[in-house]
Amino acid sequence: MFRMLLIVFLAALLWSGAWFWGAASNKTQIKAWISDQQQAGYDIGFSSLSQLGFPNRYDVTLQDLQLSTPQFGITWKTAFIQILRLSYQPDHYILVWPNTQQVTVNNRELDFRHNGLKASVVARDKD
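Residues numbered from 1 in each chain as written. Predicted model: local features only at pLDDT ≥ 70, side-chain atom pairs only at ≥ 80, totals over all residues. Heavy atoms only, no water.

A. Local environment of the nonpolar core. Core analysis: the biggest nonpolar cluster contains 13 residues, and I30, L62, L65, W76, I81 and I83 have the highest contact counts within it. When contributions to this core are tallied by element, the ones reaching two or more residues are α1 (2–39), β3 (57–69) and β4 (74–86). In this structure L65 touches I44, G45, F46, W76, K77, T78, A79 and I81, once residues within four positions along its chain are discounted. (Core = buried A, V, L, I, M, F, W, Y, C linked by side-chain atoms within 4.5 Å. Buried < 20%, exposed > 50% of the residue type's maximum accessible area, 1.4 Å probe, protein only. Helix = DSSP H or I, 4+ residues; strand = E, 2+ residues; numbered from the N terminus. Contact = heavy atoms within 4.5 Å.)

B. Region of interest: α1. The end-to-end C-alpha distance of α1 is 55 Å, a good match for the 56 Å that 38 residues give at a rise of 1.5 Å each. Regarding α1, the residues found buried are W19, G22, A23, N26, I30, I34 and Q37. Those residues of α1 hidden inside the fold are in contact with β1 (43–45), β2 (48–52), β3 and β4. Once α1 finishes, G41 follows within two positions and takes phi at roughly 110°, a positive value. (Expected span 1.5 Å × (residues − 1).)

C. Looking closely at a nonpolar patch on the surface. On the surface, F2, L6, F9, L10 and L13 cluster together into a nonpolar patch covering about 540 Å² of accessible area. Take F2: it is sitting in helix α1. Take F2: its relative accessible area is 64%, and that puts it in the exposed class. (Patch = residues over 30% accessible without salt bridge, like charges linked within 9 Å, V, L, I, M, F, W, Y side chains within 5 Å. Areas by Shrake-Rupley, 256 points an atom, 1.4 Å probe, with all protein chains shown as cover. Salt bridge = Lys/Arg side-chain N within 4 Å of Asp/Glu carboxyl O.)

D. Local environment of the packing of aromatic side chains. Applying the stated criterion to the full structure yields 4 aromatic pairs. Judged by centre distance (4.8 Å) and plane angle (90°), the rings of W19 and F20 are edge-to-face. Here W19 falls in the buried class, since its relative accessible area comes to 8%. According to the relative accessible area criterion, F20 is exposed, its value standing at 52%. Here the aromatic rings of W19 and F54 are separated by 5.3 Å at their centres, their planes lie at 90°, and the arrangement is edge-to-face. In this pair, W19 sits in helix α1 while F54 sits in the loop between β2 and β3, placing the two residues 35 residues apart along the sequence. Owing to a relative accessible area of 42%, F54 belongs among the partly exposed residues under this scheme. Members of the aromatic cluster, each reached through a chain of ring pairs, are W19, F20, F54 and Y58. (Phe/Tyr/Trp six-rings, centres within 6.5 Å; stacked < 30°, edge-to-face > 60°.)

E. Broad picture of the pairing of β3. Relative to β3, β1 runs antiparallel, the two being bridged by 3 bridges. Paired with I44 across the bridge in β3 is L67. Both β2 and β3 contribute to a ladder of 5 bridges, which runs antiparallel. Within β3, the residue paired with Q51 across the bridge is V60. In textbook terms, the turn of a hairpin is the stretch between consecutive antiparallel strands, and for β2 and β3 this stretch comprises 4 residues, one of which, G53, has a positive phi near 115°. The sheet contact formed by β3 and β4 spans 12 bridges and is antiparallel. Within β4, the residue paired with L62 across the bridge is I81. Counted along the chain from β3 to the antiparallel partner β4, the turn is 4 residues long, and its residue G73 has a positive phi close to 70°. (Pairing = 2+ DSSP bridges.)

Coordinates in, geometry out; function isn't part of it.
Here it is in structure tokens:
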């Protein structure tokens, strides 16, 4: 009985360590992608970046997100965006937005309303 309990405890400890290591890597990748887009000329701002999802997902939430392209005069604002990913499917992302978003095009504000907007994105290498 003690061996079984020890095996379960060690497995849980290893899984937890792997999740936290993967979560740190996931958060770093998202921050690096944002930095790359900023260097490419996009203005990206947000009030906070948080991550939850233990034990098998990485759920990143960006609050008060604003993305603008000064050269085209377009700004997109949303209260949040969630980037969800299963720990065992690193190339599959699920994006979730709130039901209202704002877009400004050449100083003209547009409000977009929808119900349950989600997107599933799978990244693949070009071969």
